[in-house]
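The primary structure of each chain is shown beneath.
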Amino acid sequence: QVQLVESGGGLVQAGGSLRLSCAASGRTVSSYGMGWFRQAPGKEREFVAAISGRGGNPYYADSVKGRFTISRDNAKNTVYLQMNSLKPEDTAVYYCVADSATYYSGTYPPRWWGPGTQVTVSS
């Protein structure tokens, strides 16, 4: 019912910035909570950020607070993740996610996942 495709990943030096985009499709995508998870090599998948269906109530993992910003444009069916002051520890595959809960906050596994996009921060 919901399809998600990430873009914008790549290689960046420590201290740099990158913006990820997620194109979503589905009848009621605009009402779904959405967000981002990431998985580093050899590590478990972890929550990064989430946003409500109406674009409010953003949630962030402590590791990215103050550096990452999540936003959405429902008219374009797109969710963004602006990443600033990137660190080598941010290197991971980043996944766009969605859940049928309007106020999804990333506290449980989301229903839908994108295929992921690689972000590599060099040191």
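You'll find the structure just up there.
Below is a short write-up of the structure. These numbers were taken from a predicted model, which means no experiment stands behind them.

Within the structure shown, the criterion is met by five aromatic pairs. Note on Tyr32 and Trp112: the rings are 5.3 Å apart at their centroids and 20 degrees apart in plane angle, and the pair reads as stacked. Placement of the pair is Tyr32 in the loop between strand S3 (18–25) and strand S4 (33–39) and Trp112 in strand S10 (residues 112–113), with a sequence separation of 80 residues. Given a relative accessible area of 7%, Tyr32 falls into the buried group.

Within this structure, the stated rule accounts for one disulfide. A disulfide bridge connects Cys22 with Cys96, and the sulfur atoms are separated by 2.0 Å. Between Cys22 and Cys96, the S-S torsion sits near -80 degrees, and that sign places the bridge as left-handed. One end of the pair, Cys22, is in strand S3; the other, Cys96, is in strand S9 (residues 92–99), with 74 residues separating them in the sequence. Overall, the relative accessible area of 0% leaves Cys22 in the buried class.

Bringing the side chain of Thr78 into the picture now. Considering the arrangement of structural elements, one finds Thr78 in strand S8 (residues 78–83). A polar contact is formed between the side chain of Thr78 and the backbone oxygen of Lys76, at a distance of 2.9 Å. When residues no more than four places from it in sequence are discounted, the contact partners of Thr78 are Ser21, Cys22, Arg72 and Asp73.

Reading across from one edge, S1-S3-S8-S7 is the order of the four strands in this open sheet, with antiparallel pairing throughout. Two strands close off the open sheet at either side, each with one partner strand: strand S1 (3–7) and strand S7 (68–73). The average angle at which neighbouring strand axes cross in this sheet is 15 degrees, direction not considered. Note: S7 against S8, six bridges, orientation antiparallel. Pairing of Arg72 across the sheet is with Val79, part of S8.

Further remarks concern the environment of Gly55. Here Gly55 lies in the loop between strand S5 (46–51) and strand S6 (59–60). With relative accessibility at 35%, the residue Gly55 sits in the partly exposed group. Residues Gly55 and Ile70 lie 15 residues apart in sequence; the distance between their C-alpha atoms is 9.1 Å.

It is worth spelling out the pattern of salt bridges at this point. This structure, assessed with the given rule, holds four salt bridges. One salt bridge connects Arg38 with Glu46, and the closest N-O pair in it is separated by 2.7 Å.

Right, let's get into the nonpolar core. Grouped together as the largest cluster of nonpolar side chains are 34 residues, with contacts concentrated most on Leu4, Met34, Trp36, Leu81, Met83 and Tyr94. Elements that contribute at least two residues to this core include exactly S3, S4, S5, S7, S8, S9 and strand S11 (117–122). In contact with Met34, not counting residues within four places along its chain, are Leu4, Cys22, Ala24, Val29, Ala50, Ile51, Ile70, Arg72, Val79, Cys96, Val97 and Ala98.

Thresholds applied
Residues numbered from 1 in each chain as written. Predicted model: local features only at pLDDT ≥ 70, side-chain atom pairs only at ≥ 80, totals over all residues. Heavy atoms only, no water. Phe/Tyr/Trp six-rings, centres within 6.5 Å; stacked < 30°, edge-to-face > 60°. Helix = DSSP H or I, 4+ residues; strand = E, 2+ residues; numbered from the N terminus. Buried < 20%, exposed > 50% of the residue type's maximum accessible area, 1.4 Å probe, protein only. Disulfide = S-S within 2.5 Å. Polar contact = N/O pair within 3.5 Å; in protein donor to acceptor, adjacent residues only side chain to side chain. Contact = heavy atoms within 4.5 Å. Pairing = 2+ DSSP bridges. Axes fitted to C-alpha atoms, helices over the stretch in contact; angles between N-to-C directions. Salt bridge = Lys/Arg side-chain N within 4 Å of Asp/Glu carboxyl O. Core = buried A, V, L, I, M, F, W, Y, C linked by side-chain atoms within 4.5 Å.

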